[in-house]
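These are the residues of each chain, in order.
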Amino acid sequence: AEEEEKFDWFKTWLPLMPVEYLDREKPTPFKLLGMDIVVWNDGAVVDEKSGMPIGFGPKTERPKKTRRAEGTWRAFADRCPHRAAPLSEGRVEDDGSLMCSYHAWRWEGDGELAVVPQAHGSELERIKKNPKSNCNSFPTKVKNGVLWVWPKAGSDARIISELTPVNEMSLEGLTDVDDDSRIVYGPWMFRYLPYGWDFFVENVIDAAHVPVAHHGVVASRYVEPRPLHINVTDDTFKNGFSFEFTMNMEDGSVPEQGDVKSLDQVTAPANLRVLTKVGDDGACHIVEIYSSPGEPGFSNNVARQIVVKTKDGKVPFTGRQTRDTQIKTTMLTEKFLPKWVWHILSNKFLQQDALFVHVQERMLHESGEYSTVNKGEDEEGDRYVDAIVPMTSDKQVLLFRKWVQKMTGGRTPFQGNASMSPIDKEVVFDVYNSHTKHCSVCMGALKNLRKFRFASSAIAISFVIWNPVFLGKLGTGAVVAAFVGAALLANKVIGLMIRMEFNHGEND
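These numbers were taken from a predicted model, which means no experiment stands behind them.

A. Looking closely at the sheet that holds strand S2 (residues 28-32). Strand order in the open sheet formed by 4 strands is S2-S3-S6-S11, and the pairing between neighbours is antiparallel. Each end of this open sheet is capped by a strand with a single partner; those strands are S2 and strand S11 (137-138). Bridge count between S2 and strand S3 (residues 35-41): 5 bridges; the pairing is antiparallel. Across the sheet, residue Leu 32 finds its bridge partner in S3, namely Met 35.

B. A look at the pairing of strand S13 (residues 146-149). Residues Val 146 and Trp 148 of S13 are buried on one face, and the alternating residues Leu 147 and Val 149, pointing to the opposite face, are buried as well. Bridging between strand S1 (residues 14-18) and S13 involves 4 bridges; their strand directions are antiparallel. The partner of Met 17 across the bridge, within S13, is Leu 147. Of the pairings in the sheet, the one linking strand S12 (residues 140-143) to S13 comprises 4 bridges and is antiparallel in character. Bridge pairing links Val 142 to Leu 147 in S13. In this structure, the hairpin formed by S12 and S13 is closed by a connection of 2 residues, where Asn 144 is found at a positive phi of approximately 50°.

C. Structural context of the environment of Ile 494. Tracing the sequence through the fold places Ile 494 in helix H12 (residues 472-496). Separated by 49 residues in sequence, Ile 494 and Ala 445 place their C-alpha atoms 9.1 Å apart. With residues near it in sequence (within four places) discarded, Ile 494 still touches Leu 446, Leu 449, Arg 450 and Arg 453.

D. Just the nonpolar core, in detail. Formed by 91 residues in total, the largest nonpolar core has its most connected members in Leu 16 and Phe 400. The residues contacting Leu 16, other than those within four sequence positions of it, are Phe 30, Lys 31, Leu 32, Ile 37, Val 39, Val 146, Leu 147, Val 149, Phe 190, Asn 300 and Val 302. In terms of nonpolar packing, the next biggest core, distinct from the first, is built from 16 residues, Trp 40, Cys 80, Leu 98 and Trp 105 among them.

E. Examining empty space enclosed by the protein more closely. Within this structure, the stated rule accounts for 1 cavity of 30 Å³ or more. Roughly 30 Å³ of volume is contained in the largest cavity. Considering the residues around the largest cavity, the lining is formed by Trp 340, His 343, Ile 344, Asn 347, Val 431, His 435, Thr 436, Cys 442, Leu 496 and Met 497. Residue contributions to the lining of the largest cavity peak at 4 residues, all from helix H7 (residues 339-367).

F. A look at the layout of surface pockets. The space that makes up the largest pocket amounts to roughly 790 Å³. Surrounding the largest pocket, 42 residues form its lining, Val 287, Gln 305, Gln 326, Phe 349 and Leu 350 being those nearest its centre. Residue contributions to the lining of the largest pocket peak at 7 residues, all from H7. Of the residues that constitute the lining of the largest pocket, the class distribution is 24 nonpolar, 10 polar and 8 charged. Along the walls of the second largest pocket sit 19 residues, with Glu 202, Asp 206, Gln 360, Tyr 384 and Asp 394 positioned nearest its centre. Put simply, the parts of the chain that give the lining of the second largest pocket at least two residues each are helix H4 (197-205), H7 and helix H8 (384-387). By residue number, the principal contributor to the lining of the second largest pocket is H7, which donates 5 residues.

G. Spotlight on the sheet that holds strand S10 (residues 113-115). Spatial strand order, S7-S8-S9-S10: 4 strands in an open sheet with antiparallel pairing. Edge positions in the sheet fall to strand S7 (91-92) and S10, since each has one partner strand and no second. As defined by bridge partners, strand S8 (residues 98-99) adjoins strand S9 (residues 106-107) across 2 bridges and the pair is classed as antiparallel. Looking at S9, one finds that Met 99 is bridged to Arg 106.

H. Up close: the pattern of salt bridges. Under the counting rule described, the total for this entry stands at 20 salt bridges. For Arg 401, the salt bridge goes to Glu 202, with nearest N and O atoms at 2.8 Å. Note that Arg 401 is positioned in helix H9 (residues 395-408) and Glu 202 in helix H4, a separation of 199 residues in sequence. Glu 202 shares its class with Arg 401; the two are buried. With a closest N to O distance of 2.8 Å, Asp 386 and Arg 383 form a salt bridge. Look at the salt bridges and you will find they share partners, linking Glu 25, Lys 59, Arg 62, Arg 68 and Asp 94 into a network.

I. Spatial organisation of helix H11 (residues 440-466). Taking 1.5 Å of rise per residue, the 27 residues of H11 would be expected to cover 39 Å, and the 39 Å separating its terminal C-alpha atoms lies within 8% of that figure. Where H11 is concerned, the buried positions are Cys 442, Ala 445, Leu 446, Leu 449, Ser 456, Ala 460 and Phe 463. Of the surrounding elements, those touching the buried residues of H11 are H7 and H12. Immediately downstream of H11, the backbone of Asn 467 shows phi near 50°, a positive value.

J. Here's a closer look at a nonpolar patch on the surface. A cluster of nonpolar side chains, contributed by Ile 159, Ile 160 and Leu 163, occupies part of the molecular surface with about 310 Å² of accessible area. On the basis of relative accessible area, Leu 163 is assigned to the exposed category, the value being 70%.

K. Broad picture of unusual backbone geometry. Even without glycine at this site, Ala 84 takes up a positive phi of about 65°. For Ala 84, the location among the structural elements is in the loop between strand S6 (73-77) and S7. For Ala 84, a relative accessible area of 39% corresponds to the partly exposed category. Positive phi outside glycine occurs at Asn 144, with the angle close to 50°. As for its placement among the helices and strands, Asn 144 is situated in the loop between S12 and S13.

L. Main features of the environment of Phe 452. Mapped onto the fold, Phe 452 is located in helix H11. Spatially, the C-alpha atoms of Phe 452 and Met 363 are 43 Å apart, while their sequence positions differ by 89 residues. Ignoring sequence-local partners within four residues, the contact set of Phe 452 consists of Ala 486 and Ala 490.

What counts, and at which threshold
Residues numbered from 1 in each chain as written. Predicted model: local features only at pLDDT ≥ 70, side-chain atom pairs only at ≥ 80, totals over all residues. Heavy atoms only, no water. Pairing = 2+ DSSP bridges. Helix = DSSP H or I, 4+ residues; strand = E, 2+ residues; numbered from the N terminus. Buried < 20%, exposed > 50% of the residue type's maximum accessible area, 1.4 Å probe, protein only. Contact = heavy atoms within 4.5 Å. Core = buried A, V, L, I, M, F, W, Y, C linked by side-chain atoms within 4.5 Å. 1 Å grid on protein atoms, 1.4 Å probe; cavity = no way out; pocket = protein on both sides within 12 Å on 5 of 7 lines; lining within 4 Å. Points joined across faces, edges and corners; volume = space filled by probe spheres on them. Nonpolar A, V, L, I, M, F, W, Y, C, P; charged D, E, K, R; others polar. Salt bridge = Lys/Arg side-chain N within 4 Å of Asp/Glu carboxyl O. Expected span 1.5 Å × (residues − 1). Patch = residues over 30% accessible without salt bridge, like charges linked within 9 Å, V, L, I, M, F, W, Y side chains within 5 Å. Areas by Shrake-Rupley, 256 points an atom, 1.4 Å probe, with all protein chains shown as cover.

Any link to function would need more than the numbers given here.
Right under this line is the structure:
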């Protein structure tokens, strides 16, 4: 009976990436449970006038007006069956096939081999009879704009995955709001963070760190840190658990029953919801978060914020600086800010505690005090409580670690190389490889910003050389200064999309 209760990482849907940020024109590599996978869309390119697929051929010879059909998001093992070249370095062709750029073998969306240009006569049919010629294709689903992957391939996996629901968050039961106009969905955010899924979950549910680690962005370390009152509301280990917490008032007194509370829920394996209700008409603020193991010491993380307005259409402020700052930025982004700007702001928030968690996980691992990596099947998991100095505000963290020990045996079954990478600050500061290169929106903005920087610099230089008489020295200087300033601003923003360092010693 005990074995039946264990959580099976390979029989569950794992969240990976918001599909709106994936580039439909090319394959994208990811890590999942230590496996290299490649994500791509098998939609064929069609002629807008005739509505017919244009078929296989050079993209430079496409008709003027074309579009790629909706297609299906696919996830393959990132390994060409032919000679093990990475398929993520391949191409999504106009006929909706995935090509390996090494020898131009092509596969259909279901993983079946379609074309081998070097094959003689019936050789293609002989190759296709070899089951190894098919790509290792994992079941996929898109729910609420997020791509979920079933981390096991094969016919049995397809059947079991179809019978298993995606463990996504639903507003049903959280709020009784029937009017969709009251609900504001913030944009999705993705980040491949340099710490494990379990340390990510631990960090999210640790309410005590927020006003300290995120000082200056959503809170103040000099105002909000106070004693927490934590009450576990659901201790069901099979599915996860939930808890609510309140903070002491500024004078140290315990809050009244009617004060704003936060209700956090952790659902197996790493789906989180942070709910802050305001009033009794359904108004609330929700943070919807998903995480999946990438490789030892790294995790895929997806999140967005949801605001449910009051019945009279007002934004529901909670009176807590942390939550209200998040609510304001969500409303501002929904109305004005481009998504790539929101991603820069989100990355700044994440950078504030990324180094702490990155170092914490590796120090505990290297010292042998606690780790969910490299555990043998018969080896007892480490006791987290013995590795730290626990206190009242750690109650939910200890409960989560108890769940990890009970339900997963205290280990994550990474495939392949399961060694933990060492502490590396540059990996933490690297925003390009952890976000920008995966996000088509940010890559598009980065490309345009680089063009703008070049154009602004060129115009400034041309005015210096030209020195137009009609503007005079003062006018020419003003124009040059304006374009130099624009180039420098663009350069600053470009830098934030490549590398973002955060120093708490300088964060006053």
